[in-house]
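What the coordinates show
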There are 2 protein chains.
Amino acid sequence: MVERVTVAVDANGADLGPAEVARGAALAAERGHRVVLFGPAAELGPGGEHVEVVDAPVSIAKTADPARAVRGTPAASIVQAVEAVASGRAGALVSGGSTGAALAASLFRFKRARGVHRPALAIVVPVPGSPFLLLDAGANVSVRSEHLVQFAHMGAAFMEVVMGVRRPRVALLSNGEEPSKGPEDVVAAHATLSAGAGEIDFIGNVEGFAIGKGVCDVLVADGFSGNIALKVMEGTSDVLLRSVRDAAMSSTRSKLGGLLLRPALRGLRDQIDPEAHGGAVLLGLRHLGVVPHGSFGARGFAAAIEVAARGVRDDVLGRTHERLAEAGALRRSEPSAAAATVPDES
Amino acid sequence: MVERVTVAVDANGADLGPAEVARGAALAAERGHRVVLFGPAAELGPGGEHVEVVDAPVSIAKTADPARAVRGTPAASIVQAVEAVASGRAGALVSGGSTGAALAASLFRFKRARGVHRPALAIVVPVPGSPFLLLDAGANVSVRSEHLVQFAHMGAAFMEVVMGVRRPRVALLSNGEEPSKGPEDVVAAHATLSAGAGEIDFIGNVEGFAIGKGVCDVLVADGFSGNIALKVMEGTSDVLLRSVRDAAMSSTRSKLGGLLLRPALRGLRDQIDPEAHGGAVLLGLRHLGVVPHGSFGARGFAAAIEVAARGVRDDVLGRTHERLAEAGALRRSEPSAAAATVPDES
């Protein structure tokens with residue numbers, strides 16, 4: 001029997017409450033994983049055979065300065081969950097609370113992987129028929145070209161190892177397809193990635209139109225425009241699907257039409273279900289973190305725990321790192337140990 | 001009788017060809033406007049009572065360096081159309097070709113308005129029930145905070161004057177709602193706009209989710225992330241509507257459902273029709289330019305000519321400028337005349 005991977009889960013902060021996260025943990029335990037839940041024990045229940053509950057009622061709310069909140073609140077559930085991973089008690093982290101706090105706590109306690117400039121949030125974007133990995137989805141609001149180049153290699157490695165995509169096609173998100181398009185650092189990253197085409201299948205710049213057209217497997221962006229692209233996709237999908245629903249309710253004729261269409265549309269909804277992929281993965285640190293969307297239900301949290309456990313078992317971080325080394329994309333000089341714990345302007 | 005406004009139209013480069021643009025010009029003429037069409041006379045036909053045709057068969061294709069192409073090709077239809085506006089023969093420009101060439105030609109020949117740092121491309125985004133203005137949609141890939149502040153005022157003025165929105169709500173596009181979110185220049189623009197809250201209804205940062213939720217009338221961004229947001233919206237809409245259509249074709253049952261739903265969905269499609277608003281408007285120069293989407297048909301070009309003509313008649317540029325002056329958002333020192341003709345790094 002394969003040994004169970006233990007995943008530390010912060011159950012505070014999820015939109016549907018800690019009990020919903022606990023239900024997700026129970027689902028994950030049924031699928032062969034082991035979970036340590038940090039949150040208010042009164043709401044989490046007693047746990048179960050492979051679910052341990054640690055009473056940690058203190059939650060870090062969404063704040064303008066999550067790094068400070070993390071440093072000042074050692075009792076917070078996210079800090080305890082991160083600590084459990086840093087100390088080796090668990091193999092990976094899943095956070096149900098604010099992305100900012102999860103990022104800050106991870107950066108504070110997990111060191112950056114050797115030679116990595118900046119960690120990045122990577123998320124599998126569920127598009128019908130052609131899901132792709134977007135990174136950075138929000139960990140770094142401004143980046144330099146060498147950061148973008150590392151994101152490209154980290155993303156390619158993730159898609160190979162976790163999603164089983166052979167030789168993933170990697171693209172840069174820009175405002176035009178020509179190599180000259182975009183801010184200076186995007187243009188420079190384009191040049192570097194084009195020059196090193198042997199190690200990676202770099203297909204050049206793609207525009208926002210390309211979303212969902214299946215043109216690439218990995219889409220690289222700075223964390224600001226990547227975050228905007230991701231949320232605009234979500235916002236646009238919401239508005240459109242709601243509008244289709246409203247249109248279907250506008251007359252008896254269209255109501256009947258909507259009813260007949262429903263099974264086919266349900267299939268579509270399943271394909272674009274963000275819960276299926278478990279959320280965003282924090283790459284580039286020495287431990288793996290998975291950040292589900294705050295709106296996820298039990299199924300989404302179970303998927304997040306699954307992604308985290310599989311990531312540990314398949315050594316995603318080690319293999320991503322090998323990939324960076326092979327591509328010559330690791331930074332040369334190492335920062336001091338202190339500097340390695342937080343993202344800097346390097 | 002009100003005097004007709006003359007609009008110079010570059011008919012080269014539209015996806016459906018110059019003849020389609022000429023049909024748009026004919027529609028606009030019926031609605032009381034006057035058009036000078038620049039393009040291949042053989043394809044444009046003889047013109048009409050209020051449509052003059054100037055034979056200008058040379059077209060500037062999409063190129064990595066449109067500024068150079070514009071300077072080197074005085075015979076190009078876009079250059080001639082811009083020249084017609086600069087010389088006073090026409091009141092405003094409509095370009096059917098590549099946005100890059102239209103921008104470059106306008107920047108080359110139209111001076112910047114006094115006190116304006118950078119011109120911006122502003123586009124009314126058609127969202128069901130809550131259209132809003134997005135700027136900059138791609139004229140400047142990198143901006144400073146004072147540019148964003150000017151975009152906010154220019155956008156508010158445009159929505160008041162052209163769209164009749166009283167006291168438009170203005171927001172900054174960022175990766176979080178907190179004032180501290182985003183790159184340095186977004187944070188600084190937030191601070192400036194908050195401090196001057198009297199002149200403008202600044203509602204703070206909004207995230208990509210907010211698209212289409214009706215939370216703001218003007219959405220301000222740098223031209224890189226603004227362009228990405230706009231194209232991601234288009235790409236996501238395309239993919240989703242195509243997926244709904246595919247779902248409707250997947251079985252006899254759903255085919256019947258799709259048929260019954262069609263009239264209601266057609267209403268939705270009309271609401272999100274980008275052709276209705278005529279395209280993007282170039283603000284901040286001394287002449288007005290409208291850049292329709294390359295895919296537009298005759299109806300879209302007619303709308304673009306209408307927007308351009310109405311903009312001249314309502315003195316959009318003058319009123320936008322007044323607005324900037326009132327808000328104290330004009331730059332103090334004037335650049336030299338030469339520097340004013342192209343965007344610089346100021």
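Everything in this summary refers to the structure shown in the same document. Per-chain numbering applies: the sequence of each chain, read as written, is numbered from 1 onward. Labels follow written order: the first chain is A, the first ligand is 1, and so on. Totals for whole chains, interfaces and linings use every residue, but because this is a predicted model, local features are given only for residues with pLDDT of at least 70 and side-chain atom pairs only at 80 or more, for both listing and counting. Calculated side-chain values reflect all of the structure's heavy atoms, with hydrogen atoms and water omitted.

1. Here's the deal with the interface of chain B and chain A
Each side of the interface is counted separately: chain B has 57 residues, and chain A has 57 residues. Take the accessible area each of two parts loses on contact, using a 1.4 Å probe, and add the two losses: that sum is the buried area. Here chain B meets chain A over a buried area of about 4800 Å², counting both sides, of which 72% is carbon and sulfur. Its largest share of buried area at the contact with chain A, chain B owes to Phe224(B), Lys231(B) and Leu260(B), together 13% of the area lost on that side. The term salt bridge refers to a side-chain nitrogen of Lys or Arg lying within 4 Å of a carboxyl oxygen of Asp or Glu. Where chain B meets chain A, there are two salt bridges. Mapped onto the side of chain B that touches chain A, the elements with two or more residues apiece are helix 8 (223–248) and helix 9 (252–271) of chain B. Labels follow the DSSP assignment, with helices taken as runs of H or I lasting at least four residues and strands as runs of E lasting at least two, numbered in each case from the N terminus. By residue number, the principal contributor to the side of chain B that touches chain A is helix 8 of chain B, which donates 21 residues. Charged residues are taken to be Asp, Glu, Lys and Arg, nonpolar residues to be Ala, Val, Leu, Ile, Met, Phe, Trp, Tyr, Cys and Pro, and polar residues to be all remaining types, Gly included. Along the lines of polarity and charge, the residues of the side of chain B that touches chain A split into 29 nonpolar, 18 polar and 10 charged. It only takes one pair of heavy atoms within 4.5 Å for two residues to be counted as in contact.

2. Here we look at the sheet that holds strand 9 (residues 218–220) of chain B
Residue and element names in this part refer to chain B. With mixed pairing, the 11 strands of this open sheet are ordered in space as 3-2-1-4-11-10-5-6-9-7-8. Strand pairing shows two members of the sheet lacking a second neighbour, strand 3 (51–55) and strand 8 (201–206), which therefore form its edges. Within this sheet the neighbouring strands show an average axis-to-axis angle of 25 degrees, counted without direction. Both strand 4 (residues 92–95) and strand 11 (residues 288–291) contribute to a ladder of three bridges, which runs parallel. Paired with Ala92 across the two strands is Leu288, which belongs to strand 11. A fitted line through C-alpha atoms serves as each axis, taken over the contacting stretch for helices, and the angle formed by two N-to-C directions is quoted from 0 to 180°. Contacts from helix 7 (residues 184–195) reach strand 7 (169–173) and strand 8 within the one sheet, and its direction differs from that of strand 8 by about 155 degrees. Paired strands, as defined in this entry, are two strands with at least two bridges between them according to DSSP.

3. Focus: the environment of Ala247(B)
Positionally, Ala247(B) belongs in helix 8. C-alpha separation for the pair Ala247(B) and Gly258(B), spaced 11 residues apart in sequence, amounts to 8.8 Å. The contacts of Ala247(B), once residues within four sequence positions are left out, are Leu261(A), Ala264(A), Leu265(A) and Ser254(B).

4. Focus on the pattern of salt bridges
Residue and element names in this part refer to chain A. One pass over the structure, following the stated rule, counts 18 salt bridges over all chains. The partner of Arg34 in a salt bridge is Glu52, with the nearest N and O atoms 3.3 Å apart. Note that Arg34 is positioned in strand 2 (residues 34–39) and Glu52 in strand 3 (residues 51–55), a separation of 18 residues in sequence. A simple rule labels every residue: compare its accessible area, found with a 1.4 Å probe on the protein chains alone, to the largest value its type can have, and call it buried under 20%, exposed over 50%, or partly exposed in between. Judged by relative accessible area, Glu52 falls into the partly exposed class, the value being 29%. Here Arg144 and Glu146 are joined by a salt bridge, their closest N and O atoms 2.4 Å apart. Look at Glu146 and you get partly exposed, because its relative accessible area is 27%. The structure contains a network of salt bridges with shared partners spanning Arg34, Glu52 and Arg89.

5. A short note on the environment of Val127(B)
On the secondary structure map, Val127(B) appears in the loop between strand 5 (120–125) and strand 6 (132–135). In sequence terms Val127(B) and Gly212(B) are 85 residues apart; their C-alpha atoms lie 5.4 Å from each other. Apart from the residues lying within four places of it in its own chain, the contact partners of Val127(B) are Val239(A), Phe132(B) and Gly212(B).

6. Quick notes on empty space enclosed by the protein
Residues and elements named next belong to chain B. We place a 1 Å grid over just the protein atoms. Points where a 1.4 Å probe fits but has no way out form a cavity, open points with protein on both sides within 12 Å along at least 5 of 7 lines form a pocket, and any residue with an atom within 4 Å of a point lines it. Grid points are joined across faces, edges and corners, and a volume is the space filled by probe spheres set on the points. Following the criterion strictly, the structure yields six cavities of 30 Å³ or more and no others. Empty space within the largest cavity amounts to approximately 60 Å³. Along the walls of the largest cavity sit Ser130, Phe132, Val206, Glu207, Ala210, Ile211, Gly212, Lys213, Gly214, Val215, Cys216 and Leu219, which together make up its complete lining. Along the lines of polarity and charge, the residues of the lining of the largest cavity split into seven nonpolar, three polar and two charged.

7. Here we look at the environment of Arg71(B)
Mapped onto the elements of the fold, Arg71(B) is located in helix 3 (residues 66–72). Note: C-alpha distance between Arg71(B) and Arg109(B) (38 residues apart in sequence) is 9.9 Å.

8. Notes on helix 9 of chain B
A helix is expected to reach a length of 1.5 Å times the quantity of its residues less one. Taking 1.5 Å as the rise per residue, helix 9 of chain B with 20 residues should run 28 Å; its terminal C-alpha atoms sit 28 Å apart, in good agreement. Fitting axes to the seven residues ending at a residue and to the seven starting there, one defines the bend at that residue as the angle between these axes. For helix 9 of chain B, the principal kink sits at Arg262(B) and spans about 55 degrees; a proline, Pro263(B), occurs within the next four residues. Turning to helix 9 of chain B, its buried residues number three or more, namely Ser254(B), Gly257(B), Gly258(B), Leu260(B), Leu261(B), Ala264(B) and Leu268(B). For helix 9 of chain B, the secondary structure elements touched by its buried residues are helix 8 (223–248) and helix 9 (252–271) of chain A together with helix 8 of chain B.

9. As for the relation of the copies chain B and chain A
Think of it as a corkscrew move, a rotation about one axis and a shift along it, taking one chain copy to the other. We place the copies in one frame by least squares, fitting the C-alpha atoms of every residue whose pLDDT is at least 70 in both. Overlay of chain B on chain A (RMSD 0.1 Å): rotation 180 degrees, translation along the axis 0.0 Å. Read as a symmetry element, the transformation amounts to a two-fold axis. Ranked by how close their C-alpha atoms come to the rotation axis, the residues of chain B are headed by Gly257(B), at 1.9 Å.

10. Focus: helix 11 (residues 316–326) of chain A
Residues and elements named next belong to chain A. All buried positions along helix 11 are accounted for by Val316, Leu317, Thr320, Arg323 and Leu324. Each buried residue of helix 11 sits inside an arc of 120 degrees when the element is viewed along its axis, so together they form one side. If you follow the buried residues of helix 11, they end up packed against helix 6 (145–161), strand 10 (280–283), strand 11 (288–291) and helix 10 (298–313). Of the residues flanking the end of helix 11, it is Gly328, one or two places downstream, whose phi is positive at about 65 degrees. Along the arc lie the directions from the helix axis toward the C-beta atoms.

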